[in-house]
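Below, each chain spelled out in residue letters.
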Amino acid sequence: MALSRRHVVVGGVGLAVSVGGTAYAGSRRSRTVWIAGDSTAAQKYADAAPETGWGTALPFLLGRGLVVANHALNGRSSKSFVDEGRLDALLAGVRPGDLLLVQFAHNDEKTEDPARYTEPWTTYQRYLRLYLDGARSRGARPVLATPVERRRFDADGRAVPSHGEYPAAMRAPARRERVALLDVQALSLALWQELGPEATQAYFNWTDTKQDNTHFSPTGAIAVARLVARELLRTRVLAPHDVRRLDEEIPPSWITWPEAAA
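Let's shift gears to the overall build of the protein. Within the protein one finds seven helices and seven strands. Going from N to C terminus, the protein has its helices and strands arranged as β-α-β-α-α-β-α-β-α-β-α-β-β-α. Burial status across the protein gives 58% buried among its 262 residues. A fraction of 76% describes how many contacts in the protein between residues 6 or more apart in sequence connect residues 24 or more apart. As presented, the protein carries roughly 11400 Å² of accessible surface, and 50% of it is formed by carbon and sulfur atoms.

This is the structure we're talking about:
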């Protein structure tokens with residue numbers, strides 16, 4: 001995981017602990033931002049470069065006293081993340097005052113896969129409650145983030161939403177439970193619209209051999225992480241001294257891809 005010198009690598013091995021492991025902050029003077037999510041947020045390794053999850057870029061936007069434990073993993077839904085025991089493993093490391101940032105929907109939408117599919121207004125909301133209750137039981141603050149949008153445009157060049165009812169189904173319990181909501185879906189859709197069909201290619205994992213309109217390049221991961229950090233500030237989950245570089249350029253060269261653990 002690419003971190004600046006001002007950040008601590010959780011667990012000493014970066015994101016390797018995300019894969020079913022437990023992470024602890026090195027000092028209780030620090031708070032940990034735990035990420036539960038899917039491939040759009042996850043750490044990527046050398047064999048996947050230049051694909052980049054936004055969780056890899058988030059530390060560049062956070063100030064002293066905050067570390068990131070990114071447990072997001074490719075292919076997971078709100079359901080499969082729980083059913084595989086990954087939420088329990090994450091919660092084992094959570095301490096009072098930490099944050100649990102939850103972003104799922106891409107794989108919840110897969111109706112053909114019963115191991116991952118959730119229905120927006122029933123099972124999806126029931127699984128989200130497990131994250132909320134789990135964080136609160138550990139004295140941590142849960143934060144919901146609507147799913148980042150894919151790169152989809154219609155024939156007239158308008159950015160098209162792709163997540164159906166899932167964003168609304170997440171907004172509803174956030175209001176009801178008074179949980180902070182980062183509306184990444186709406187903000188990313190607006191950003192892709194502003195950039196347009198051609199410019200957005202540089203934000204997604206477009207290479208000589210691949211045209212991936214779901215996952216990000218380093219540039220796109222940084223842009224989405226910036227949306228997340230700004231929302232954390234807007235919703236007063238974080239204070240102004242907790243964030244940095246919100247309006248500064250972050251070079252894509254800061255992103256690196258470690259070798260996967262054997």
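Mapping E51 onto the fold places it in the loop between β1 (31-37) and α1 (54-57). Under the relative-accessibility criterion, E51 is labelled buried at 9%. In terms of polar contacts, E51 uses its side chain to reach the side chain of K44, at 3.0 Å. Setting aside anything within four residues of it in sequence, one finds E51 in contact with K44, N205, D212, H215, F216 and W257.

Spatial strand order, β2-β1-β3-β4-β5: five strands in an open sheet with parallel pairing. With one partner strand each, in any of the chains shown, β2 (66-70) and β5 (180-182) form the two edges of the open sheet. Strand-to-strand twist in this sheet, taken as the mean axis angle between neighbours without regard to direction, amounts to 25°. Sheet topology places β1 next to β2; five bridges connect them, and they run parallel. Residue pairing across strands places W34 opposite A69, the latter belonging to β2. Helix α7 (residues 218-234) contacts β3 (99-103), β4 (141-145) and β5 of the sheet and is inclined by roughly 150° relative to β5.

Here we take up unusual backbone geometry. Of note, the bond from A49 into P50 is cis; its omega dihedral lies within 30 degrees of zero at 10°. Following the sequence through the fold, P50 ends up in the loop between β1 and α1. The phi torsion at R178 lies on the positive side, around 55°, for a residue other than glycine. Judged by relative accessible area, R178 falls into the exposed class, the value being 80%. With a phi angle near 65°, R236 is a residue other than glycine that sits in the positive phi range. The topology assignment puts R236 in the segment after α7. Residue classification places R236 among the exposed positions, given a relative accessible area of 72%.

Cut-offs and rules
- Residues numbered from 1 in each chain as written.
- Predicted model: local features only at pLDDT ≥ 70, side-chain atom pairs only at ≥ 80, totals over all residues.
- Heavy atoms only, no water.
- Helix = DSSP H or I, 4+ residues; strand = E, 2+ residues; numbered from the N terminus.
- Buried < 20%, exposed > 50% of the residue type's maximum accessible area, 1.4 Å probe, protein only.
- Contact = heavy atoms within 4.5 Å.
- Areas by Shrake-Rupley, 256 points an atom, 1.4 Å probe, with all protein chains shown as cover.
- Polar contact = N/O pair within 3.5 Å; in protein donor to acceptor, adjacent residues only side chain to side chain.
- Pairing = 2+ DSSP bridges.
- Axes fitted to C-alpha atoms, helices over the stretch in contact; angles between N-to-C directions.

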